[in-house]
Every structure is written in structure tokens, then in C-alpha cells.
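Here are the chains, one letter per residue:
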Amino acid sequence: MKTNQPVFALADGNSFYASCQRVFRPDLRHTPIIVLSNNDGAIVARSADAKPHVKMGQPYFQVKDQLKRHGIVAFSSNYAFFGDMSERMMAVLESHVAKISCYSIDEAFLDLTGMPGDLELLGRKIRADVLKKTGITCGVGIAYTKTLAKLANYASKRWQSQTGGVVDLREPEKLERCLRAIDVGEVWGIGSKLKMHLEGMKILSAWDLAQADKPMIRQTFSVVVEKTARELAGIPCFDLDEPDAPKQEICCGRQFGMRLKEKEPIKEAVATYIMRASEKLRARRSICKRIRVSISTGMFNPEEAKYANGVMVELPYPTDDVRLLTQAASAAVDAVFRPGYAYSKAEVMLLNLCQRGEYTDDLFAASQPASSERTMQVLDAINKKWGRGTLRTGSVPTSPAWAMRRELMSPCYTTRFEDLWRIP
DNA sequence: TCTGGGGTCCTAGGACCC
DNA sequence: TCTGGGGTCCTAGGACCC
């Protein structure tokens, strides 16, 4: 075996949002719990004991009765809290290995390449340490490619009692047994559409896809599916991502807490989303050349008249200035708004991003004035010190009627002094 | 009344150029 | 009689992820 052969681990928190809530509510240790999306819309997380009773993605209003019957407790999303718990978990993971790459709020790939000793044992140590320091139980999968590490992680959960939550798939016999036992639809990168298509071709298990003819897979599907198949066969095609790889686009959009029929409140919401999106933009030291603003009515209720539209706006020069972006977005709302509809959502996207340093000014075109940069620095500094939203553009209201509903919100145990845990 | 938000990557197809 | 084709850029849309 080559010593430089890459080895990946994937660690992720079990039922992450639900587990976060339980850490600070030990009284609910034996009570099934679920966590809802923004606006208390749909179920986005379920504790293990809630899983048999409700489906992921189900609308909350449809299952309210069921919840009562099974004694399931629901929480609104609390991203300040979840984000902070995530940072804690990532910090523990990071302390055990040289390189990690956060893949989502609750999972990270770890680079175990060249690590000495028993890696499965290392996995168990990491798992125990995360539990001790954060209260979150995680699963760890270890393998030669990222796709196989994801699969190993899946196995660590599906056979948790046999595996103790850690699975190392580097041994060929064990890998084959595992691949044969897992449906192709469980593979990372194979969604419902591809699953159906693959099953039609008698590719039913992860093993079948690993064995499939790669050029045929590429021809029938795409290079993406081919890479997935190669990864299953043990050939690495995906590297560990760079931690701060530049983003292609930044987007911020939400359902309103109520239907909006007038243009003004929609402009307020759009200005609020621009505020948030431009913060993210500046945090990455990027600027953007165009934005897209879209608004839409509810799309599910057959009773409602439907309308959805968006416009692209080219900016006079690449910018990260919230004032210029807000102006452009406001004009965009004027262009897409049609009276007579009940709107439920708006979204802004910042597009054509580039890094500040990379952009070369056109000698004859206008560019962002230096004063703008200083103003934005002050804005960000104030909001960092005193909390998001302390200094805002004039179009952003403090507590608008259209703000999202979060009626079942837990305290922000780890990020607000007033919400600190009290032990009676 | 009520159905997430934030991303990525790839492909197809049109416009344009030579 | 006799319809170009390849490269490039852009956009829209699809599929996927958590």
C-alpha cells in the first residue's frame, strides 16, 4: 500500500438540530423532538425516537395532531444557537487532525492521510471527545474516497449498535459487503431521479454502481455520475475543499411571515435581505457585478393566483456597498411587482462575484469610490460590536409585521447572556 | 392561514464570430 | 438548384447536497 494514499473521514452530528435542543433540555432526553424550518413551515430534523412517526420535510400544520398523539415536542429553527453549536463541534474535530473541511452545518470531512496508528480507534476517540465537549453524538466514516467515507458514515448510523458509530471501510472484503447491502439511492450524489434511472438499468446497489462500466455511465448520465461511480470503486475524484474557496454567488431569500399585497413592505423585505447578503459578501472580501431580485406568490395553495418573476440588474460598477445594492434592488422590485397578487416570498442573489484584488478597474469606467469602502467598514464594525442590525439602511425596519414566524423558538443558550442556562 | 434556505456543478441551446 | 462548422460566451434549467 502506498503511504501517500489519501484517507478521508466524514464526521457528522446525529439529528443535529434535535440533538442541540436536547443538550440544553435534558428533561426531553426520552421525549421525541422535531425541529421546524423557517416560518415553522416544515420538519427539518427529527430525533431518532421521532423518526418512525413523522417524515422529513412534512408540513408542520399537517402533522400537528400526530405530534400531540405521540407526545412529540416541536421547536422553531434557531440558527444563532445551531451555528454556535456547530462551531464548537468543528473546533473539537479540528483539534484531532491537521486538516478539515466543513461541508455543512453538521458535518465535516477530515483528512486522515498519513495519520499513524489505528484509524478506527482515532475515530472512536474523536467521537467520544465531541460528545464530552459539546453533548452531541456523532457518526464517523473512514475510507479512501469522500464518497466512500460518506457511505461509511451512513453505515455507522444504520448499524449503530454493531458499529458503535464508527466504520472504517478500507478493508476490501468489508467494503464489498457494505456496498452490496446499501441501495444505490443512498449514495452521495444519487438523488431520486438518478436512482430511478439507474434502477431501470438494473443498477440497484452501491456495489452495482461501483462495478458499472464507467464510460457507459458517463455517456448515459454525466461526468458527475461517472466520478461518483469511480469514487465507489475506490478511485479518488474529489479532493478536500479549500476552507475559504471563493463563492460563485450569494443568495438570501425567505418566505414572509404573512402574505404581502403592497409593494412597500416587499421593498423592506428585499432591503433586509440585501443587508444580510452584502454582509456575507464583504465578509468574503468579494464584490459583485450584478444582482437578481425575484418575488413570488405562494405556489402550493391551488386557491391562490400564482405569479413569479425576477429581474437581473447590472450594476454601474462592481461593488459591496449596501446602499448601491439596495437602490438597484428597489428598482428591481418596481420592475417585477404586479398589483393584485398576494406575495409570499422574495429572494436576492448577488452574482458574478469576484475577489476585491482580482478585479482590474477599467480606466474609463466608474468604479467604487474609496469612501464607500470606509463607510462599509464602519457599518460592519458597529454591527459586529453591537449585534447584527444595529446600524441599518433606512429601508430596513426593526420589527416588521412580515418577519418570519418562530413561535416555538428555544432560548439562545450559548449566544445571549439573558438566555444562559439556569440550574434551579 | 400553513409546504426551508442556501448552495454547487453540469448541460443544452442560442447568439455571435470567423 | 445545392443551406458550414467549430469555438466561445452566456443563460436557463436540471439535478444534487444538507
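Residues numbered from 1 in each chain as written. Chains lettered and ligands numbered in written order. Predicted model: local features only at pLDDT ≥ 70, side-chain atom pairs only at ≥ 80, totals over all residues. Heavy atoms only, no water.

1. Quick look at the protein's contact with DNA strand B
Here's step 1: Not every one of the 22 residues close to DNA strand B is listed here, only the nearest: S37, C251, G253, Q255 and R259.
Here's step 2: Sugar plus phosphate, as a fraction of atoms of DNA strand B within 4 Å of the protein: 71%.
Here's step 3: Within the side chain of S37, one N or O atom sits 3.0 Å away from a sugar or linking oxygen of DNA strand B.
Here's step 4: In the environment of DNA strand B, a phosphate oxygen lies 3.4 Å from a nitrogen or oxygen atom belonging to the side chain of K280.
Here's step 5: Contributions of two or more residues to the surface near DNA strand B are made by α11 (223-232) and β9 (250-260).
Here's step 6: A total of 7 residues in the surface near DNA strand B trace back to one element, the largest contributor, which is β9.
Here's step 7: Looking at the surface near DNA strand B residue by residue, the class counts come to 8 nonpolar, 8 polar and 6 charged. (Near = heavy atom within 4 Å. Polar contact = N/O pair within 3.5 Å; in protein donor to acceptor, adjacent residues only side chain to side chain. Helix = DSSP H or I, 4+ residues; strand = E, 2+ residues; numbered from the N terminus. Nonpolar A, V, L, I, M, F, W, Y, C, P; charged D, E, K, R; others polar.)

2. Let's talk about unusual backbone geometry
Here's step 1: A positive phi angle, near 65°, is found at N39, a position not held by glycine.
Here's step 2: By the element assignment, N39 lies in the loop between β2 (33-36) and β3 (43-46).
Here's step 3: Note on N39: relative accessible area 7%, which makes it buried.
Here's step 4: With phi around 50°, N352 is a residue other than glycine that occupies positive phi space.
Here's step 5: Inspection of the secondary structure puts N352 in strand β12 (residues 343-355). (Buried < 20%, exposed > 50% of the residue type's maximum accessible area, 1.4 Å probe, protein only.)

3. Regarding the pairing of β12
Here's step 1: With 7 bridges joining them, β9 and β12 adopt antiparallel strand pairing. When the sheet's bridge partners are listed, I250 is paired in β12 with L350.
Here's step 2: Bridge analysis of strand β10 (residues 286-297) against β12 gives 11 bridges, and the strand direction is antiparallel. From the neighbouring strand, S296 faces β12, where its bridge partner is K345. (Pairing = 2+ DSSP bridges.)

4. Points about the packing of helix α12 (residues 263-283) against helix α13 (residues 322-336)
Here's step 1: One way to put it is that α12 packs onto α13 with a least axis distance of 9 Å and a crossing angle of 145°. Crossing angle aside, the handedness with which α12 passes α13 is right-handed. Across from K263, I266, K267, V270, A271, I274, M275, S278 and R282 in α12, the residues of α13 making contact are V322, L325, T326, A329, S330, V333 and D334.
Here's step 2: Residues belonging to the contact of α12 with α13 are distributed by class as follows: 9 nonpolar, 3 polar and 4 charged. (Axes fitted to C-alpha atoms, helices over the stretch in contact; angles between N-to-C directions. Left-handed = near helix turned anticlockwise from the far one by under 90°. Contact = heavy atoms within 4.5 Å.)

5. Considerations on the sheet that holds β12
Here's step 1: Pairing in this open sheet of 4 strands is antiparallel, and the strands run β9-β12-β10-β11 from one edge to the other. The two strands at the open ends of the sheet, each matched to only one other strand, are β9 and β11 (308-319). Taken pair by pair, the neighbouring strands of this sheet meet at an average axis angle of 15°, ignoring direction.
Here's step 2: Across 8 bridges, β10 lies against β11 in antiparallel orientation. Note on β11: the bridge partner recorded for C288 is T319.
Here's step 3: Helix-sheet contacts for α12 involve β9, β10, β11 and β12, and the interaxial angle to β9 is about 155°.
Here's step 4: Running at roughly 150° to β11, α13 makes contact with β10 and β11 of the sheet.

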